[in-house]
Amino acid sequence: MDGGGVEAGTTAAWMARHRGMYERATRHPFTVSIRDGTVDLSAFRRWLGQDYMFVKEFVAFLASVLLKCCRQSDGSDMEIILGGLASLSDELSWFKKEAEKWSVNLAEVSPLKSNTEYCRFLQSFSEPEISYTVAITTFWIIETVYQDSFAFCIEEGNKTPPELLGTCQRWGSPEFKQYCQSLQRIADRCLAEAPADAARSAEEAFLRVLELEIGFWDMSSSRS
Ligand SMILES: Cc1ncc(CO)c(N)n1
């Protein structure tokens, strides 16, 4: 393996196999419009309010991943997941500060349809029947879609408005990428040891996340 990268494993094979879907999620017109500098700021404000609600549900999701980790794995993954959970505390504060900056009243935001659908999917992970392998793979791809989408907004040639750079750096930074790669290594290790039906369920969850992420960006750019 080269310096902290990720060896070609199951997850890389899925990304290649489902490349079209992956690109629809990570090069969505909404995030591409941030990079182009043509983003509709009312859409950005809608995304901000909706994502705050999502992240609150994501805390509960991550708690369920952590619980499965403690019950089913040897414990070396625990610190990475716990670190992710801890950083959500800072993320919630960031959303509140950002909402103030954009005059978004978080108390008045109610979840739109695609967000509700995504949150329901996250809630389903509290069932003990869902394996750690499926849960950690789902966690990895959820974070990776944001990492890839926002890293593109700060890559060379971007015209991202300066007032949106902080948002893009939150998920597009090299540190966040490394964190996603740690999650990917855990997922690949679990998948390599998993029975075929668990690996199949994990691939289904991977595709479902891509679908839900596309729906979330669509919702942010329009009003579905
Ligand atoms: C919808 C969505 N997907 C992924 C992330 C990454 O944490 C997020 N904040 N929101």
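Definitions and cut-offs
Residues numbered from 1 in each chain as written. Predicted model: local features only at pLDDT ≥ 70, side-chain atom pairs only at ≥ 80, totals over all residues. Heavy atoms only, no water. UniProt positions renumbered as here; feature names shortened; annotations may be inferred. Helix = DSSP H or I, 4+ residues; strand = E, 2+ residues; numbered from the N terminus. Contact = heavy atoms within 4.5 Å. Polar contact = N/O pair within 3.5 Å; in protein donor to acceptor, adjacent residues only side chain to side chain. Axes fitted to C-alpha atoms, helices over the stretch in contact; angles between N-to-C directions. Parallel < 35°, antiparallel > 145°, perpendicular 65-115°, else oblique. Nonpolar A, V, L, I, M, F, W, Y, C, P; charged D, E, K, R; others polar. Phe/Tyr/Trp six-rings, centres within 6.5 Å; stacked < 30°, edge-to-face > 60°. Buried < 20%, exposed > 50% of the residue type's maximum accessible area, 1.4 Å probe, protein only. Lys NZ or Arg CZ within 6 Å of the ring centre and 35° of its normal.

## Examining the UniProt feature "active site" (unreviewed entry) in the chain
- Here, the residues flagged by UniProt with the feature "active site" (unreviewed entry) are Glu213.
- Its location among the elements puts Glu213 in helix α10 (residues 196–221).
- Setting aside its immediate chain neighbours within four residues, Glu213 contacts Ala25, Tyr118, Ile142, Val145 and Tyr146.
- For Glu213, the side chain forms a polar contact with the side chain of Tyr118, separated by 2.6 Å.

## Overview of the packing of helix α1 (residues 10–17) against helix α9 (residues 174–193)
- Across the interface, α1 lies against α9 with an axial gap of 8 Å and an inter-helix angle of 100°. As far as their axial angle goes, α9 and α1 are roughly perpendicular. Touching Thr10, Thr11, Ala12, Trp14 and Met15 of α1 are Gln184, Ala187, Asp188 and Leu191, all from α9.
- When grouped by side-chain class, the residues that make up the contact of α1 with α9 number five nonpolar, three polar and one charged.

## A short note on the packing of aromatic side chains
- The full count for this structure, using the stated rule, is 30 aromatic pairs.
- Consider the rings of Tyr52 and Phe95, whose centres lie 6.2 Å apart with planes at 50°: the pair is tilted. Remark: Phe95 occurs in helix α5 (residues 78–101) and Tyr52 occurs in helix α4 (residues 41–72); sequence separation between them is 43 residues.
- A relative accessible area of 0% means that Phe95 is categorised as buried.
- These aromatic residues form a ring-pair network of at least three members: Phe30, Phe44, Trp47, Tyr52, Trp94, Phe95, Trp102, Tyr146, Phe150, Trp171 and Trp217.
- Just above the ring of Phe152 sits the side chain of Arg27; from NZ or CZ to the centre is 4.0 Å.
- The ring of Phe152 has Arg35 lying over it, and the distance from NZ or CZ to the ring centre is 4.2 Å.

## Looking at the environment of Trp14
- Mapping Trp14 onto the fold places it in helix α1.
- Residue classification places Trp14 among the buried positions, given a relative accessible area of 3%.
- Sequence separation of Trp14 and Leu207 is 193 residues, and the distance between their C-alpha atoms is 9.1 Å.
- In this structure Trp14 touches Thr137, Leu191, Ala199, Ala202, Glu203 and Phe206, once residues within four positions along its chain are discounted.

## Observations concerning unusual backbone geometry
- Even without being a glycine, Ser103 presents a positive backbone phi close to 50°.
- Relative to the assigned elements, Ser103 resides in the loop between α5 and α6 (113–123).

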